[in-house]
Amino acid sequence: MSEQENKVSAEIESGAPNKFVDVLCLVLSKLGFSTKYYKGSKQSGKIFMDVLDYLVLSLVGLIMLYPFWWMICASFASSTAAVTQTVIWFVNPTWANPLRNNEAFYNFSQFFVACETRFGDANFFIIVLNTLLYSIVPVVVGVITSTSAAFAFSKIEWKAREGVFFGLLAAIMIPWPSIMIVQYCMFVIFGWTENGLSMWVPGLFGSIMTAFFIRQFLYGLPTSIIEAAKIDGAGYWMIFWRFIIPLALPAMMAQGILSFFGAWNNYLGCFMMVDNTRWYNLPVVIQKLTQDVSATMGQGVVMAASLMSVIPVLILFGIFQKQIIGSLMLTGSKE
Amino acid sequence: MEAVNTVESTPVQKPKKRINQQKLQDNLWGWLFTSPLIIGTLVFVYIALIITIVLSFTDYDGGNLMDYLSGGLHTVDGNPFYWYKYIFTDADQFKYFYSGLFNAVFYMIGIPIGMFLSMFFAVCMTRDIKGGNVYRIIYYLPSVASSVAISYTFQRLFQFEGAINQVLFGTDQTKYIRWLAPTNVTGANEAWNPAFLTMKWVIIIMGAWKGLGGTIILYVAGLSGVNASHKEAASIDGANGWITFWKIVIPQLWPTIFYNIVTSVIGGMQIYAEPDMLFNGAYGFDFRVSGYVALIVKWGPQGNNAGHPNFAYAATLGIILAIMIAILTLVQFYLDSKADK
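Residues numbered from 1 in each chain as written. Chains lettered and ligands numbered in written order. Predicted model: local features only at pLDDT ≥ 70, side-chain atom pairs only at ≥ 80, totals over all residues.

1. Some details on the overall build of chain B
So, step 1. Regarding its fold elements, chain B presents 15 helices and 0 strands.
So, step 2. What you see for chain B is a C-alpha radius of gyration of 27 Å, clearly larger than the 20 Å of a compact globule of 341 residues, by over 25%.
So, step 3. Principal axes of the C-alpha set define a box for chain B whose edges measure 95 × 75 × 40 Å.
So, step 4. The burial tally for chain B puts 40% of its 341 residues in the buried class.
So, step 5. By sequence separation, contacts in chain B at least 24 residues apart represent 60% of the contacts at least 6 residues apart. (Helix = DSSP H or I, 4+ residues; strand = E, 2+ residues; numbered from the N terminus. Rg over C-alpha atoms; globule rule 2.2 N^0.38 Å. Buried ≥ 20, exposed ≤ 12 C-beta atoms within 10 Å, placed from the backbone. Contact = placed C-beta atoms within 7 Å.)

2. Quick notes on the domain arrangement of chain B
So, step 1. On domain assignment, one finds that chain B holds domain 1 (2-55) and domain 2 (91-309).
So, step 2. Taken over C-alpha atoms, the centre of domain 1 of chain B sits 43 Å from the centre of domain 2 of chain B. (Domains from an automatic or database assignment.)

3. Describing the interface of chain A and chain B
So, step 1. Opposite the 78 residues of chain A that make contact, chain B presents 83 residues.
So, step 2. Class assignment for the residues of the side of chain A that touches chain B results in 53 nonpolar, 19 polar and 6 charged. (Nonpolar A, V, L, I, M, F, W, Y, C, P; charged D, E, K, R; others polar.)

4. Re unusual backbone geometry
Most peptide bonds adopt trans geometry, and most residues besides glycine take a negative phi value.
All names here are of chain B.
So, step 1. Positive phi, normally seen in glycine, also occurs at Asp-77, with a value near 50 degrees.
So, step 2. Along the chain, Asp-77 falls in the loop between helix H3 (65-70) and helix H4 (82-89).
So, step 3. By C-beta crowding, Asp-77 is classed as exposed, having 7 other C-beta atoms within 10 Å.

5. So, the confidence of the model for chain B
All names here are of chain B.
So, step 1. Confidence in the prediction for chain B averages 85 pLDDT; 93% of positions are at 70 or higher.
So, step 2. Residue range residues 1-10 is modelled with pLDDT below 50. Its contacts to residues more than four positions away, or to other chains, number 12 contacts.
So, step 3. In the predicted complex, the global pTM is 0.86; the interface-specific ipTM is 0.87. (pLDDT = per-residue confidence, 0-100.)

6. A look at the nonpolar core
One broad trend across soluble globular proteins is that nonpolar side chains are buried collectively.
So, step 1. Among the nonpolar cores identified, the biggest contains 157 residues, and Ile-181, Val-182 and Val-285 of chain A together with Ile-216 of chain B are the most heavily contacted of them.
So, step 2. Setting aside anything within four residues of it in sequence, one finds Val-182 of chain A in contact with Ala-48, Ile-51, Thr-52, Leu-55 and Ala-315 of chain B. (Core = buried A, V, L, I, M, F, W, Y, C linked by C-beta atoms within 7 Å.)

7. Focus on helix H12 (residues 236-264) of chain A
So, step 1. Across its 29 residues, H12 of chain A extends only 34 Å between first and last C-alpha, which sits more than 12% below the 42 Å expected from 1.5 Å per residue.
So, step 2. In the structure, H12 of chain A departs most strongly from a straight axis at Leu-249 of chain A, where the bend amounts to approximately 60 degrees and where the proline Pro-250 of chain A lies between one and four residues downstream. (Expected span 1.5 Å × (residues − 1). Bend = angle between axes of the 7 residues up to and from the residue.)

In structure tokens:
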């Protein structure tokens, strides 16, 4: 009753032409919009916008996650047709037997078999080890060499510093696809395309972008630490290992993990630079496997393999998400 | 060299000598600490670039590069610009060239779409709500996954009987869209044939989905750097949220947006893996979807011309790509500096 009364009195006060407009404006005001008859309520408006915000973000968040979920489901599906028809769950009612041979991990075991038969001397473990080799060794060593360059560019005053720096910076203007053919020819001369060296030796020398980023980070550190160490008689070598590496570790970690993702997922590099099937990495193996997809080995095997290549990086990202996002934010605000 | 000179030219005085010693140390360690990066860049980028330029004037068609270079360089028909002329005068090759370019540029439609969406979600995430960073993590997940795995996932999702059609149109198969394999194609197998638009859209949607998170994080960082007192001053002057956004936030965010545009255009010109995976290009060139880089791969050692690779021609295509990207980047910087005035 009292609610009714309130509304009636509100109608009189607001001076709206009829009841419908009045209620509409009242609702709008509760949602935070000002109209001719009611002033928008800031407090309830904020709540309304918050709810809307959560709704939109969650809905789109589902879209962002859905392909991953689908990948998990499809990797259990029994045939190419079953993979295709998967929407939210791999059990398809029109198929009497959703799992092939009643084996939940049939597709995964098929992937092991395919790895052993399809790629010469390689098998699943060799392929995973290759991928790890390509993504851990060059990244760890490369981040250290990049940091040493960043240290020289930010904290040491030497003659050719600016010239060398811009000489290196100019190199990032050269797109990799332009020079990859000649790089391949060079690696053939060195013999690196046959033993996997082409995939990790170049990375040992560090990357310009990583050095550039860590240089920005080191600029933020006080020079007084280095001066103090110098007075105490420490040389640059010692300063680098004792002070710079520990201090720059957060930035190094973040850059290293980002490079790790890039190296783990590197398809074009391995596909161009490796001639020996023994040294293929996971993305190339998955790509080559799709050419073998047939009635006996459905698309589910490809999805199982894809899932296996995605899960390690997702877990790693989950562990280090704070550092990675923080590092990305830093690049964003610096640029 | 310089270090030695400074030592020689100074008179022998004790305190100065100490300083010179320090200078010598600085120069020595400056070079030492940067030497790995300098050597790597020189060998794998600059020397590779010089050889690429040299080869683009020759008739090198595979085989051991060392043997070829030591045997002396040979141009084709005595014309060093043979391949540069070949691209633009041979009707077939010219069609490959501009089709690849057309496709790569067409996919750039995704850049403004992605920017608009990321700006929207970045604003949503920076409102003071709890758990905004959880969304940041979720939205960034696609960026860390391998494009090979993602491409095969999308290839299945967009099948005729796949999940996307089922979700959009239910069980009514007459409404289903043949995303990846359009039927009733009229006209030639050409890049700009509208019959193949759905194929291109799948690539654009996939690119937007994969790239959204990274751009959002850039924008969130930029948005939190926007000067709060400017915003407050604007609202006191009576500006509403919309005007504040356009007149205060966007100008302060412009460096971030500009950086994002430049890197996206450079990356967009180099698109390769996604079209090749989604449509099983098998290292060749598909007029309907392939980007420019597919041409370089096609003529390279692993291409579907593998029996007859033509590295000189691939090098020429690479040089032209580098020049185009450089020009595009310069144009963007020029437009940006003009807009500043």
